[in-house]
Each structure stands twice: as C-alpha cells, then as structure tokens.
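Below, each chain spelled out in residue letters.
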Amino acid sequence: SIIKTAGKRYLKIPKLGYVKTSKTGVLQNTKIKRYTVLLEPTGKYYLSLQAEISEPEKYSLTGKQVGIDVGIADLAILSNGLKYPSFNSSYFEKKAKIWQKKYSRRRHLVKLLVLQDRNKRVLCPRSLESFTNWQKAQKSKAKYQAKAANQRRDYLHKLTTHLVKQYDVIAIEDLKTKNLQKNHHLAKSIANASWRMFRQMLEYKCEWYGKKLIAVDPKNTSRICSKCGYNSGAKPLEIREWICPKCQTKHDRDINAAVNILHKGSTKPTGQGLTMVTS
Ligand SMILES: [Zn+2]
C-alpha cells in the first residue's frame, strides 16, 4: 500500500519519508486505502488514514436491555437507576475562554491600528499579519479548545463502549433538540454536541458489536408514570422528583423517563412509531 509502518514507531509516507508516530500496532492486518495530512489551527499536523479492517469481533450477549435518558448534569440516566455524569473539563475550558477573550481583544486593537495607518496614509501601512501577538493568542485558544474537545470525545468513547458491552438492547430518545431554554447558551450547545456524538457512537458500536439500538418517540416520556401509565402533564424543569397522583409512586424525573423509554422500545413492535436504527 501507499503508507507503510516501519518498526514500532515510524510510518513511511510518500514524499515525506519517515515520520515518527505512535500506536502503529492498530494498523496491523489493515489495508490503508487513503491518507490525508492536516494542519490544525493549533499548529499540529495530523495524519488521517482510511483503512480497511476485517469485521470486529461481536461482544457476547448479556440478556440485558436498558432505556437511556440524556440530560445536562448527568449525560446518561439509565432505566436501572444508574447515572453517568456529563464530562467536566473545567480546566481546559476555562483556559480556552481566557484565551478567547485575549484573542478578541488583541485582534480588535490590531484592526484599529491597521485602519489608523490606512487613514493616515503612512508610507508603509502595517498589515494584520505583521502583528504576532493576536496570532499567538489564536493558537493558544485553539490548543485549549482542542484539548477540551479531545477529552470529551474520549470520555464518550469509554462510556458508549461500556454500555454496548453491558446491554444487548439499548433504547434512546429520538431527539432533535431537548427542552433547555433555562440553560446558558454555551452549556446548551455543548450538551447538544455531546448527545449527538453519544448517539452516533452508540449507533455504529451497536452495529459493529452485534447489539441493537432502538430510537423511540420522546413524546410524553417525562409526563407518564412508569408504574401505572397515568399522564400527569408537563412538569417544570426544576422539578427533579415527583409523586404520581394516581398510584402515589415517588419518581426521580430522569430515571422515570428512562424507564418509559425502555417500555416504548421493548413493548411496541417494529414499525409502530418506532425507528429501528440498527438490527
Ligand atoms: Zn402512577
């Protein structure tokens, strides 16, 4: 093929020659079809490979099924009561925010200076690129944003692999957007991105490892009592626990929703308001 591994630590790439790398082990028994070299805003180079691999080994069946509700504080709430917190990378996120501010301020100032030069018709007007301070800030900002994103993706990978190993059938809400108006804009966009990634990973991992993912209509999952089926209407987001007015069962809002999601996923046959994502 076009790229060859050379020992444990090197790849041989056409034109570039030998490039030091790690984890060449994962390339064993694969056929590399295509490669791309990328320069990220952080100044790092990435090599992305498209490889053909033999079919992954299926996970053994456990006989267990689960419903999963997604949230902000807890990313995944399971129908059996387990909760997995959302990933919190506050250190890198804080750093990214600080550098974002510095970057905006510096770039703004530089733009003013460039404009000033132009207006005064100086002999050699300075350009945006001749100032390095804002460019440094841009790099730092990108570096911390990338670190936070990488950590989050890593966490999601570990969580979804764990879930696919544990359960044979996983029912989730088929959500476009979740009701989040009380939350800060940033928290909202991060949560949405996480849920999307969570769903995607579950989807392809279920397919790879021989498990089943079922997406159900989210309608009424937070309104219905999972024990008796009574619909007591919408509840404000700040209500975390409630008691069913009909059967007096005390519910954790999220766990109750997860149980309802499981019910919807396991009781209805395919094709009745139910989307089969994988089989
Ligand atoms: Zn009830």
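Above this text sits the structure in question.
Nothing here was measured: the structure is a model prediction, and the numbers come from that model.

**Topic: the packing of aromatic side chains**
Here is step 1: A complete count under the given rule lists 7 aromatic pairs for this structure.
Here is step 2: Judged by centre distance (5.3 Å) and plane angle (35°), the ring pair of F87 and Y155 falls under tilted. Residue F87 is found in the loop between β8 (83–85) and α1 (90–120), and its partner Y155 is found in helix α2 (residues 133–166); the two are separated by 68 residues along the sequence.
Here is step 3: For the pair W208 and Y209, a centre-to-centre distance of 6.0 Å together with 85° between the ring planes defines the contact as edge-to-face.
Here is step 4: Here the basic side chain of R107 rests over the ring of W134, its NZ or CZ set 4.8 Å away from the ring centre.
Here is step 5: Geometry around Y103 places K141 over its ring, the cationic atom sitting 4.4 Å from the centre.

**Thoughts on the sheet that holds strand β3 (residues 17–20)**
For sheets, the rule is that strands pair by backbone hydrogen bonds, running either parallel or antiparallel.
Here is step 1: Pairing in this open sheet of 3 strands is antiparallel, and the strands run β1-β2-β3 from one edge to the other. Every other strand in the sheet has two partners, leaving β1 (4–6) and β3 as the edge strands with one partner each. The average undirected angle you get between the axes of adjacent strands in this sheet is 35°.
Here is step 2: Pairing of strand β2 (residues 10–13) with β3, which is carried by 4 bridges, proceeds in the antiparallel orientation. When the bridges of β3 are listed, Y10 appears paired with K20.

**Some words on the nonpolar core**
Here is step 1: Within the largest apolar cluster, 23 residues are counted, with the highest numbers of intra-cluster contacts made by I68, L78, L163, V164, I170, F198 and L202.
Here is step 2: Going through the elements one at a time, β6 (65–70), β7 (74–78), α2, β9 (169–173) and α3 (185–209) are the ones with two or more residues in this core.
Here is step 3: Top contributing element to this core by residue count: α3, with 7 residues.
Here is step 4: Every residue in contact with V164, bar those within four places of it in the chain, is listed here: Y59, I170, L202, K205, C206, Y209 and K211.
Here is step 5: One finds V114, F131, W134 and Y144 within the second-largest nonpolar core, a separate group that totals 12 residues.

**A few points about the coordination of the zinc ion**
Ideal donor angles around a metal are set by the shape: a four-donor tetrahedron calls for 109.5 degrees, a six-donor octahedron for 90 or 180 degrees.
Here is step 1: Looking at the metal site, the zinc ion is ligated by C225 (SG), C228 (SG), C244 (SG) and C247 (SG), spaced 2.3 Å from it.
Here is step 2: The site at the zinc ion holds 4 donor atoms, and with the angles between them running 107 to 113°, its shape is tetrahedral.
Here is step 3: Sequence spacing among the residues donating to the zinc ion works out to C-x2-C-x15-C-x2-C.
Here is step 4: The exposure class of C225 is buried, given its relative accessible area of 1%.

The rules behind each value
Residues numbered from 1 in each chain as written. Predicted model: local features only at pLDDT ≥ 70, side-chain atom pairs only at ≥ 80, totals over all residues. Heavy atoms only, no water. Phe/Tyr/Trp six-rings, centres within 6.5 Å; stacked < 30°, edge-to-face > 60°. Helix = DSSP H or I, 4+ residues; strand = E, 2+ residues; numbered from the N terminus. Lys NZ or Arg CZ within 6 Å of the ring centre and 35° of its normal. Pairing = 2+ DSSP bridges. Axes fitted to C-alpha atoms, helices over the stretch in contact; angles between N-to-C directions. Core = buried A, V, L, I, M, F, W, Y, C linked by side-chain atoms within 4.5 Å. Buried < 20%, exposed > 50% of the residue type's maximum accessible area, 1.4 Å probe, protein only. Contact = heavy atoms within 4.5 Å. Donors = N, O, S within 2.8 Å, 3.2 Å for Na, K, Ca; no water. Tetrahedral: all angles 85-135°; square planar, octahedral: opposite > 155°, others 65-115°.

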